[in-house]
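Listed below, chain by chain, are the residues.
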Amino acid sequence: MAVAGQDLVFAVNGERFEVLSVDPSTTLLDFLRSNTRFKSVKLSCGEDKFVNFYVYLFLSEFVCEYSINSCLTLVCSINGCSITTSDGLGNTEKGFHPIHKRFAGFHASQCGFCTPGMCISLYSALSNAHNSKNSKSTPHYLTASAAEKSIVGNLCRCTGYRPIADACKSFAADVDIEDLGFNSFWRKGESREEMLKKLPPYNPDKDLFTFPEFLKEKIKRQQRNVLDQTRYRWSTPVSIAELQEILTATNREGDRGLMKLVVGNTGIGYYKEEKQYGRYIDISHIPEMSMIKKDDRGIEIGAAVTISKVIDALMEENTSAYVFKKIGIHMDKVANHFIRNSGSIGGNLVMAQSKNFPSDITTLLLAADASVHMINSGRHEKLRMGEFLVSPPIIDTKTFLLKVHIPSWAASSTTGFLFETYRAAPRPLGNALPYINAAFLAVVSHDASSKGIIVEKCRLAFGSFGGYHSIRAREVEDFLTGKLLSHSVLYEAVRLLKGVIVPSIETSYTEYKKSLAIGFLFDFLYPLIESGSWDSERKHIDGHVNPTISPPLLSSAQQVFESKEYHPVGEAVIKVGAELQASGEAIYVDDIPSLPNCVHGALIYSTKPLARIKSIGFRENVAPIGVLAVITFKDIPQMGKNIGYISMFGTGLLFADELTICAGQIIALVIADTQKHADLAAKLAVVEYDLRNIESPVLSVEDAVKKSSFFEVPPVYYPEPVGDISKGMAEADQKIRSVELRIGSQYFFYMETQTSLVFPDEDKCLVVYSSTQAAEYTQFAIAACLGIPERNVRVITRRLGGGFGGKAIKSMLIATACALAAQKLQRPVRMYLNRKTDMVMAGGRHPMKIIYSVGFRSDGKLTALELNVLVDAGIDVDVSLILPLNIVNSLKTYDWGALSFDIKVCKTNLPSRTSLRAPGEVQGSYIAESIIENVASSLNMDVDVVRRINVHTYESLRKFYKEVAGEPDEYTLPLLWDKLEISSDFKRRVESVKEFNHGNIWRKRGIARVPIVYQVKNRPTPGKVSILRDGSVVVEVAGIEMGQGLWTKVQQMVAYGLGMIKVDGSDQDLLERIRLLQIDTLSMTQSSYTAGSTTSENCCEAVRLCCVILAERLKPIMDQILENARTVTWDMLIQQAYAQSVDLSARTFYKPESSSAEYLNYGVVASEVEVDIVTGRTEIIRSDIIYDCGRSLNPAVDLGQIEGAFVQGIGFYMYEEYTTDGNGLVIEEGTWDYKIPTIDTIPKQFNVQILNSGHHKNRVLSSKASGEPPLLGAASVHCATRSAIKEARKQYLSWNCNNGDCRDTSDINGFELPIPAIMPVVKQLCGLESVEKYLELKTYP
Ligand SMILES: Cc1cc2nc3c(=O)[nH]c(=O)nc-3n(C[C@H](O)[C@H](O)[C@H](O)COP(=O)(O)OP(=O)(O)OC[C@H]3O[C@@H](n4cnc5c(N)ncnc54)[C@H](O)[C@@H]3O)c2cc1C
Ligand code: FES
């Protein structure tokens, strides 16, 4: 029986929820998604990179508000709280919130999957600002910097972040409204007042939520926030004594390990829980563990205090020593604000102490000489941080952490006091674990005789460098203590430090980490040597930026051309459903409600590349909880075939049969009652392999060559060479021969992972909801697998949470597996892949090995290029046969004189690779730029000059691309090149980069400009437009909306097409009458797939043709009406047409002329970067893009595509490290290791201009594609980085030369900058030992 007042009660968006019993491991995400109608909370990674909701907690007299994440927060821990989600802020029924409206108007939502989380993050910042009305330290309005920072922890794969930052900053009181980017509220030239008036108004008193009265009453009545322990298995002790009692009772009952102490539960973001706990003990309500006390001796912090609250308390410090403040600043980069809002300091320390979690906080506390207070069975124990870290693990034992004490530090009148912290991480503002962190404390004094500085005392702590907990470098401390600082002393200290930082064997980048440690110590002490003084606001080493300082605000400028010629086509119409996406009401596959008997699937995949499967079972031979079936190839019906996908080049297996042919291949589908149980079961699956008599697998392209393991490329897909290569080589003054390049893979990182839901229908029919780019092919694959007619399979796709090519082929495997299970079990089956499985099976971009020889003249003119390319396609053909053509198409960006190649598509026992935005083209572009760089280096010429010399003339363009080159006036690349030179102030900046490099030792800059030439092809596409009785219009197209704005362009085109029937009334009205329908393969047949950048324009043309037909049918009716009336309205016309039984539905099949179906797209990009030689960090200072969209169908959409593609390209070139084990399985653990760009890693200044190149007679209303080509421009960032590194190497070499006389430049130029150019790679090329070398030079000049 329920105990009164001890029920789990909370509010979601003002509604009361009472849960009478629940598994205590249930997360709020699970609860919200399966028990409420609120769908804006989305699962993307399960690691808390996705904020989802905002919590209010009423603590008797005041309300605490903060944003946290729903996929880690346990539902029992929000008892008595009020939750606000994005669909609670506003929605279609009650009206959208100003945040939603501004996100829509700033074009800040593409696929929309990240948008509700972004909106809630901004809401949280607005609410914090509003609530700090009485605070003296923080302004009571939202600042532009806080607005930008509010989304630091959120990931978006589509937009490139710029428009999101603008939407957020539009709420800031200190923003200059003219600095905000392109939007649908105002147009250039309007006054500031007009602009402000046009923004959807925001009123904090009205637009912020309040705490519901019923919860206040409950909390007042209940006194204690406890739940009935029998129903919830959740204890909430409110005193130490009570906690001890519970722990003692557990010990009596048996296994303490079945109990879990919990505060924020964020630890499971890192250590995925495989264990089922019998009880959770929420320790956040114990006053001694939730207090913060300050006195002269220091600050005492309860172990359950959240990191955010610790930061707030520390930041209040105002003493000269600034120890607390600096710890606070550093802690602000720990994780992201959602984790910091719920994760506790104690949880962090315990994870570090017991599991070697790479903690920042332990390093900070170690340097500050903090201590911890623990309790074990009533026995109190105080340990200094260093002792605590090496004591036996306390996790899941009787011992618990009570509080932490950080002592006060202050300088005496005769000594100086220094405290600094450091962290080197892929993302400067946090949300990424550091490669290494450090914190240093020193007491120093003046030596009167030498005027130098003596180290009286120091504490040097380092952490997170691999495997172990944080440590102190005691040998170095001892060495430095009492020493007069000098170059030689510091030189000796860093040499000693090298022996102290010893990462564990399995750690990567060990030498890099050592060099970082040295760099940090150098930064700490060197300024003292140089200046001979100390200062609490001290400078860092010459030109080197303190990594803990926040960067300045982003800035941007956009120039777009809106055309009224085909109104409303060509205008920046807001994306269809943008507000719905922002509120979170937009429906994705996982938002479709399950029927009661729905079951869930998870994939068991092979970990061996080539092996016989002996058996499939589970650990300890027990089926895990909830498991209902395990489906394998044996379950495929007799009439069916083991087919998982169908592409234009063939088919691929659904399941491994007796033999697994690559690691990551699907072996089985485990079906369970919930997704959580299915995922756990897949993890606990045990596959036994038999390797006897199995030949060795093909695990590299070299193996493939040895075994002649290739896919045959049909001649029509194989590119043709250009010119006479022997002649070209003979014409060369110089040649570079047989240079090898290697390119790795890239993962899609769509926010919505692969997912499908299948319902069995009557008569062996299936309804399939799939997040796919290829609904029709999915239908074919399912029918082939099940051995049923295609008419029996209805595939429906409404929208995707991102695709980027990854849902063209691989999505079919998921849908087909679900369909097979649904058919067999006669139950609905759904599957939503977790991030790790998605990464394993997705395949990603094609890696390749290239060997090239290039011939050129002494003036930089290229004469011949010869290449051998081995493409690693993996085990399946997929769509890999398009690669040769795509690589060569983008290689042809330059006039090589003559071009010949041998490209082999290798079949390996590795996961099959598939198309990822600009497949083959991005690699081709990298190869081309790399060769150009090499040529320029060997000639010692400015690489920009070499590029310009070899950019095509129209004649050479024609030679390389034949008729695809189009008419002479369509070739706009030279124009763009010159325009960008002026708009980006390129020449002046080249000079200022030189100056900068001359004046800075530890930072170097580079600048580069690259051209984009990208070939695309229009494809046959159906479309259907139907007018309903009330004059509203429904449109079906073959293309799938995945964020690229396809629906919006189609909507505009239909409005334009029907607008040709000149009725009275507003055109805007027509636009609003149009609804785009989800694709249904039984209605929209021959829909093919959505890919290749041209689907939007193809769909537009198909519906335009439909409109022409409808206009012809409506014309006679119009004429009839006009015989008796002076005007005709749309409603009159349609009613009359209905009455006369006119067919108001038109379907067409647009078939582009084969002679003009293919065309070229052009753009130019310039980027400037700065490299930090100490850490290897690259900052993109500025990028300028000019891109020719022909006559853009919607400039807002195209701008979004350009920026988004470019930033995805930055990810490929600079950040996204994709590594596999020896068997080919991806090593990266989702968001922990795989780092896509975030708001703090995009260009600080980002200027984009869309060129209106005018009339193109063969293009759809003169438009051109924008989805993929701009991605290639990210090569500019890579090339600029290379140039900065070259400067660093030049400097390093000069330190190695006698008297600076260095003639041999081969060390400077002769290097390849690998992809991605992550921090360790950059640092290594700049010189891992640069600090030592520099000190050596200073010591022994
Ligand atoms: C995405 C992400 C990024 C992160 N990035 C960083 C980072 O950059 N730097 C960094 O330092 N940290 C980072 N962290 C770690 C983060 O600081 C911790 O997850 C958080 O502080 C844990 O606190 P919690 O209250 O959620 O602990 P919980 O998850 O509730 O508990 C963690 C463990 O500690 C035990 N425990 C908790 N409190 C006590 C106690 N008082 N006594 C005994 N046992 C206890 C629990 O039983 C559990 O086993 C990151 C975490 C995530 C999820
Ligand atoms: S719009 Fe952000 S992930 Fe798609």
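What you are looking at is a predicted structure, and each value in this text was computed from that prediction instead of being measured.

**Quick look at the overall build of the protein chain**
Move 1: For the protein chain, the helix and strand inventory stands at 42 helices and 44 strands.
Move 2: The C-alpha extent of the protein chain, read off along each of the three principal axes, is 100 × 90 × 80 Å.
Move 3: A total of 1341 residues make up the protein chain; the buried ones form 66% of that total.
Move 4: Across the protein chain, contacts joining residues at least 24 apart in sequence account for 78% of those joining residues at least 6 apart.
Move 5: Averaged over its 144 positive side-chain charges, the protein chain has a centre that lies 2 Å from the centre of its 153 negative ones.

**Some points on the side chain of Thr972**
Move 1: Within the secondary structure layout, Thr972 lies in the loop between helix H31 (954-961) and helix H32 (973-983).
Move 2: Each residue touching Thr972, except ones within four places of it in the same chain, is listed here: Tyr1162, Asp1188, Leu1251 and Ser1253.

**Concerning the packing of aromatic side chains**
Move 1: In this structure the tally under the stated criterion is 46 aromatic pairs.
Move 2: The interplanar angle of 65 degrees and the centroid separation of 5.7 Å between the aromatic rings of Tyr777 and Phe780 together place this pair among those described as edge-to-face. Taken together, the residues Tyr777 and Phe780, both in helix H25 (residues 775-786) and three residues apart, mark about one turn of the helix.
Move 3: According to the relative accessible area criterion, Tyr777 is buried, its value standing at 16%.
Move 4: Ring centres 6.0 Å apart and planes at 75 degrees place the aromatic pair Tyr894 and Trp896 in the edge-to-face group. Assigned by exposure class, Tyr894 and Trp896 land together as buried.

**Quick word on the pattern of salt bridges**
Move 1: Scanning the model with the defined rule gives 70 salt bridges in all.
Move 2: With its nearest N and O atoms 2.7 Å apart, the salt bridge here joins Arg16 to Glu18.
Move 3: Of the residues examined, Glu18 reaches a relative accessible area of 38% and is grouped as partly exposed.
Move 4: Here Asp590 makes a salt bridge to Arg830, at a shortest N to O gap of 3.9 Å. Here Asp590 is found in the loop between helix H21 (578-583) and strand S19 (599-605), whereas its partner Arg830 is found in strand S32 (residues 829-832), with 240 residues between them in sequence.
Move 5: By relative accessible area, which is 23% here, Asp590 ends up partly exposed.
Move 6: Arg830 sits in the buried class, given a relative accessible area of 5%.

**Here's the deal with the sheet that holds strand S27 (residues 710-711)**
Move 1: The strand order across the open sheet formed by five strands is S27-S35-S34-S33-S28, and the pairing between neighbours is mixed. In this open sheet, the two strands that pair with only one neighbour each are S27 and strand S28 (734-743).
Move 2: With two bridges joining them, S27 and strand S35 (residues 898-906) adopt antiparallel strand pairing. Across the sheet, the residue bridging to Phe711 is Val905, located in S35.

**Quick look at helix H33 (residues 986-999)**
Move 1: Along its 14 residues, H33 runs 20 Å from first to last C-alpha, staying within 8% of the 20 Å computed at 1.5 Å per residue.
Move 2: Among the residues of H33, those classed as buried are Phe986, Arg989, Val990, Val993, Phe996 and Asn997. Down the axis of H33, the buried set is contained in an arc of 120 degrees. They therefore lie on one face. For H33, the exposed residues lying more than 90 degrees away from the buried face are Lys987, Lys994, Glu995 and His998.
Move 3: Residues of H33 that are buried in the fold lie against helix H30 (943-950), H32, strand S36 (1003-1017), strand S42 (1158-1172), strand S43 (1178-1188) and helix H39 (1275-1296).

**Thoughts on the site of ligand 1**
Move 1: Lining the immediate surroundings of ligand 1 are 33 residues, of which Leu261, Thr266, Gly267, Ser344 and Asp360 lie closest.
Move 2: The contact in question runs from an oxygen atom of ligand 1 to an N or O atom on the backbone of Gly267, over 2.8 Å.
Move 3: Contact distances for ligand 1 include 2.7 Å between an oxygen atom and a backbone N or O atom of Asp360.
Move 4: Taking 980 Å² as the accessible area of ligand 1 by itself, protein coverage stands at 97%.
Move 5: With four residues, helix H15 (residues 345-355) is the largest single contributor of residues to the shell around ligand 1.

**Some remarks on the pairing of strand S12 (residues 379-384)**
Move 1: Inspection of the sheet shows strand S11 (residues 371-376) paired to S12 by six bridges, in the antiparallel sense. What sits directly across from Met374, in S12, is Glu381.
Move 2: Joining the antiparallel neighbours S11 and S12 is a turn of two residues, in which Ser377 adopts a positive phi near 45 degrees.

**Describing the packing of helix H29 (residues 921-939) against H30**
Move 1: Across the interface, H29 lies against H30 with an axial gap of 9 Å and an inter-helix angle of 120 degrees. Considering the angle they form, H29 stands oblique to H30. Relative to H30, the crossing made by H29 is right-handed. Residues Glu929, Ile932, Glu933, Val935 and Ala936 of H29 lie in contact with H30, whose contacting residues are Val943, Val946 and Arg947.

**Examining the side chain of Ser67**
Move 1: Within the element layout of this structure, Ser67 appears in strand S4 (residues 62-68).
Move 2: At 3.3 Å, the side chain of Ser67 forms a polar contact with the side chain of Ser124.

**Let's talk about helix H37 (residues 1130-1139)**
Move 1: Regarding H37, the residues found buried are Trp1130, Leu1133, Ile1134 and Ala1137. Seen from one end, H37 has its buried residues packed into an arc of 90 degrees, which puts them on one side. H37 presents Gln1135 and Ala1139 as exposed residues on the side facing more than 90 degrees away from its buried surface.
Move 2: Looking one or two residues past H37, Ser1141 carries a phi angle of roughly 55 degrees, positive in sign.

**Digging into unusual backbone geometry**
Move 1: Pro568 follows His567 through a cis peptide bond whose omega is 0 degrees.
Move 2: For Pro568, the location among the structural elements is in the loop between strand S18 (555-559) and H21.
Move 3: With a phi close to 60 degrees, Ser1088 is a non-glycine residue in the positive phi region.
Move 4: Along the chain, Ser1088 falls in the loop between strand S40 (1079-1080) and helix H36 (1095-1124).

**Quick word on the pairing of strand S38 (residues 1033-1037)**
Move 1: Among the five residues that make up S38, five are buried, leaving the element largely enclosed by the rest of the structure.
Move 2: Along S38, one buried face is formed by Val1033, Val1035 and Val1037 and the opposite face, lined by Val1034 and Glu1036, is buried too.
Move 3: Where strand S37 (residues 1021-1027) and S38 come together, five bridges link them in antiparallel fashion. Residue pairing across strands places Gly1023 opposite Val1037, the latter belonging to S38.
Move 4: In this sheet, strand S39 (residues 1074-1076) lies alongside S38 in parallel orientation, the contact comprising three bridges. Within the sheet, the bridge partner assigned to Val1033 lies in S39 and is Ile1074.

**Structural notes on the sheet that holds S43**
Move 1: Reading across the sheet, the five strands line up as S18-S44-S43-S42-S36 and stay open at both edges, with mixed pairing between neighbours. Bordering the open sheet on either side are S18 and S36, each of which pairs with just one other strand. When the angles between neighbouring strand axes are averaged without regard to direction, this sheet yields 10 degrees.
Move 2: Here five bridges tie S18 to strand S44 (residues 1245-1251), and the two strands are oriented parallel to one another.

**A short note on the packing of H39 against helix H41 (residues 1319-1327)**
Move 1: Packing of H39 against H41 leaves a shortest axis separation of 7 Å and a crossing angle of 35 degrees. Touching Thr1281, Ile1285, Ala1288, Arg1289 and Tyr1292 of H39 are Val1322, Leu1325, Cys1326 and Gly1327, all from H41.

**Section: the environment of Thr26**
Move 1: Note that Thr26 resides in the loop between strand S2 (15-19) and helix H1 (28-35).
Move 2: For Thr26, a relative accessible area of 13% corresponds to the buried category.
Move 3: Once the C-alpha coordinates of Thr26 and Val75 are considered, the two residues, 49 residues apart in sequence, prove to be 6.0 Å apart.
Move 4: With residues up to four places along the chain from it excluded, the contact list for Thr26 reads Phe31, Thr73, Leu74, Val75 and Lys676.
Move 5: One polar contact links the side chain of Thr26 to the main-chain carbonyl oxygen of Asp23, over a distance of 2.6 Å.

Parameters at a glance
- Residues numbered from 1 in each chain as written.
- Chains lettered and ligands numbered in written order.
- Predicted model: local features only at pLDDT ≥ 70, side-chain atom pairs only at ≥ 80, totals over all residues.
- Heavy atoms only, no water.
- Helix = DSSP H or I, 4+ residues; strand = E, 2+ residues; numbered from the N terminus.
- Buried < 20%, exposed > 50% of the residue type's maximum accessible area, 1.4 Å probe, protein only.
- Contact = heavy atoms within 4.5 Å.
- Lys, Arg positive; Asp, Glu negative; His and termini not counted.
- Charge placed at Lys NZ, Arg CZ, Asp CG, Glu CD.
- Phe/Tyr/Trp six-rings, centres within 6.5 Å; stacked < 30°, edge-to-face > 60°.
- Salt bridge = Lys/Arg side-chain N within 4 Å of Asp/Glu carboxyl O.
- Pairing = 2+ DSSP bridges.
- Expected span 1.5 Å × (residues − 1).
- Arc of directions from axis to C-beta.
- Near = heavy atom within 4 Å.
- Polar contact = N/O pair within 3.5 Å; in protein donor to acceptor, adjacent residues only side chain to side chain.
- Areas by Shrake-Rupley, 256 points an atom, 1.4 Å probe, with all protein chains shown as cover.
- Axes fitted to C-alpha atoms, helices over the stretch in contact; angles between N-to-C directions.
- Parallel < 35°, antiparallel > 145°, perpendicular 65-115°, else oblique.
- Left-handed = near helix turned anticlockwise from the far one by under 90°.

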